[in-house]
Amino acid sequence: MGETFFLLLFVEASRATMIIFRTFLFFLVFMATTKIALMEEQTYIIHMDKTKITDSDHQQYYQAVIDSITKLSSQEEEEENTPQLLYIYETVISGFAAKLSTSQLKSLNQVDGFLFATPDELLSLHTTHTPQFLGLQNGNGLWSASNLASDVIVGLVDTGIWPEHVSFQDSGMSPVPAHWKGTCEEGTKFSISNCNKKLIGARVFVQGYEAIIGRVNETVDYRSPRDSNGHGTHTASIAAGNFVNQASLFGLAKGSASGMK
Ligand SMILES: *[C@@H]1O[C@H](CO)[C@@H](O)[C@H](O)[C@H]1NC(C)=O
């Protein structure tokens, strides 16, 4: 089973794609089943009540939460590490990610504003379905011409992206939506110039992976949004890839490939 880390890609595509894509995301998230064996320390995504955050500097606030649970749990257990703040969440949820011991996790119950903790998991990859499987037909239903409008941004969480792939060339694309506030994050073999009007942003999130597995092995993988695995490139092109004529797999299944727009 391939272990992987996750990152977020932003690919501009149509409204119809967005709807289909949501279905995909549910498949990806809920069909992924491989879990790692329970360890004494584990990374958790901690959900907090936004209204209880007492410091406008969230980093400082969550650091204080971590310090307090470290202190609380050290009264029960000895010689525990002070957890490192891995990520802070401020947009869709409020909270943070950190690798905690069992007693540190328990101590969270004494923190005002703590809602719940979700264990971080390593997920295995699952493949996708085709437009045909979904009954999509050019000119009909979700694929009718009026639905091919741009100005929709698709976010994808997967193994990365190969930005030179022909599916992510930006010929015929309208300008990047003005409301886009995202980032094209640089890293190993990935620079700002790898983003364009199709691939409008890419970020890498390795902290959860590295908290479990250790540093990314850069002889076999990239510490950047670049995709060493191929899965993210595959799903991103299915969700929102540009039209590619005369595509085939070693001469088989010849046809026009495109995102489901
Ligand atoms: C990284 O991967 C290579 C190739 O599989 C392997 O030879 C090497 O030992 C790995 N390095 C570490 C630090 O695991």
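Residues numbered from 1 in each chain as written. Predicted model: local features only at pLDDT ≥ 70, side-chain atom pairs only at ≥ 80, totals over all residues. Heavy atoms only, no water.

Within the chain, the regular secondary structure consists of five helices and nine strands. Going from the N terminus to the C terminus, the chain shows its helices and strands as β-α-β-α-β-β-α-β-β-β-α-α-β-β. Across the 261 residues of the chain, 42% fall into the buried class. Counting only contacts in the chain whose residues sit at least 6 apart along the sequence, the fraction spanning at least 24 positions is 74%. By element, 54% of the accessible surface of the chain is carried by carbon and sulfur atoms, the whole surface being about 14600 Å². (Helix = DSSP H or I, 4+ residues; strand = E, 2+ residues; numbered from the N terminus. Buried < 20%, exposed > 50% of the residue type's maximum accessible area, 1.4 Å probe, protein only. Contact = heavy atoms within 4.5 Å. Areas by Shrake-Rupley, 256 points an atom, 1.4 Å probe, with all protein chains shown as cover.)

This brings us to the packing of aromatic side chains. Aromatic ring pairs are defined here through the distance separating the ring centres and the angle between the ring planes. Scanning the model with the defined rule gives four aromatic pairs in all. Ring centres of Tyr62 and Phe96 lie 5.0 Å apart, and the angle between their planes is 40 degrees; this geometry places the pair in the tilted category. In this pair, Tyr62 sits in helix 2 (residues 58-74) while Phe96 sits in strand 4 (residues 95-101), placing the two residues 34 residues apart along the sequence. Phe96 sits in the buried class, given a relative accessible area of 0%. Among the aromatic residues, those joined into a ring-pair cluster are Tyr61, Tyr62 and Phe96. (Phe/Tyr/Trp six-rings, centres within 6.5 Å; stacked < 30°, edge-to-face > 60°.)

Turning our attention to the confidence of the model for the chain. With 73% of its residues at a pLDDT of 70 or more, the chain has an overall mean of 79. Between residues 1-9, whose pLDDT stays under 50, and residues either more than four places distant or in other chains, the model counts 52 contacts. Contacts from residues 14-39, a stretch scored under 50 in pLDDT, to residues over four places away or in other chains number 53 contacts. (pLDDT = per-residue confidence, 0-100.)

Looking now at the pattern of salt bridges. This structure, assessed with the given rule, holds six salt bridges. Measuring nitrogen to oxygen at the nearest pair gives 3.6 Å for the salt bridge that ties Glu218 to Arg215. With relative accessibility at 57%, the residue Arg215 sits in the exposed group. Salt bridges sharing partners connect three or more residues here, namely Asp49, Lys52 and Asp112. (Salt bridge = Lys/Arg side-chain N within 4 Å of Asp/Glu carboxyl O.)

What follows is about the site of the ligand. Taken together, Asn217, Thr219 and Val220 make up the full set of residues adjacent to the ligand. Asn217 is positioned such that a nitrogen or oxygen atom in its side chain is 2.3 Å from an oxygen atom of the ligand. Between an oxygen atom of the ligand and a side-chain N or O atom of Thr219, the distance comes to 3.1 Å. Alone, the ligand offers 360 Å² of accessible surface; in the complex the protein occludes 23% of this. (Near = heavy atom within 4 Å. Polar contact = N/O pair within 3.5 Å; in protein donor to acceptor, adjacent residues only side chain to side chain.)

The next subject is the state of the cysteines. All chains considered together, the criterion is met by one disulfide. Put simply, Cys184 and Cys195 are joined by a disulfide, and their sulfur atoms are 2.1 Å apart. One quick way to see it: the torsion about the S-S bond of Cys184 and Cys195 is about 85 degrees, and its sign makes the bridge right-handed. One end of the pair, Cys184, is in the loop between strand 6 (152-158) and strand 7 (199-205); the other, Cys195, is in the loop between strand 6 and strand 7, with eleven residues separating them in the sequence. With respect to class, Cys184 is no different from Cys195; both count as buried. (Disulfide = S-S within 2.5 Å.)

This paragraph deals with the sheet that holds strand 4. Consider a sheet: its strands pair through backbone hydrogen bonds, and that pairing is either parallel or antiparallel. Taking strand neighbours across the sheet as the criterion, the four strands line up as 3-4-2-5 in an open arrangement whose pairing is antiparallel. Each edge of the sheet is formed by a strand with only one pairing partner; in this case those strands are strand 3 (85-89) and strand 5 (114-119). For this sheet, the mean angle separating the axes of adjacent strands, direction not counted, is 30 degrees. Pairing of strand 2 (residues 41-48) with strand 5 involves five bridges; the strand directions are antiparallel. Of the residues in strand 5, the one forming a bridge with His47 is Phe116. Across the sheet, helix 2 is in contact with strand 2, strand 3 and strand 4; its angle to strand 3 comes to roughly 130 degrees. (Pairing = 2+ DSSP bridges. Axes fitted to C-alpha atoms, helices over the stretch in contact; angles between N-to-C directions.)

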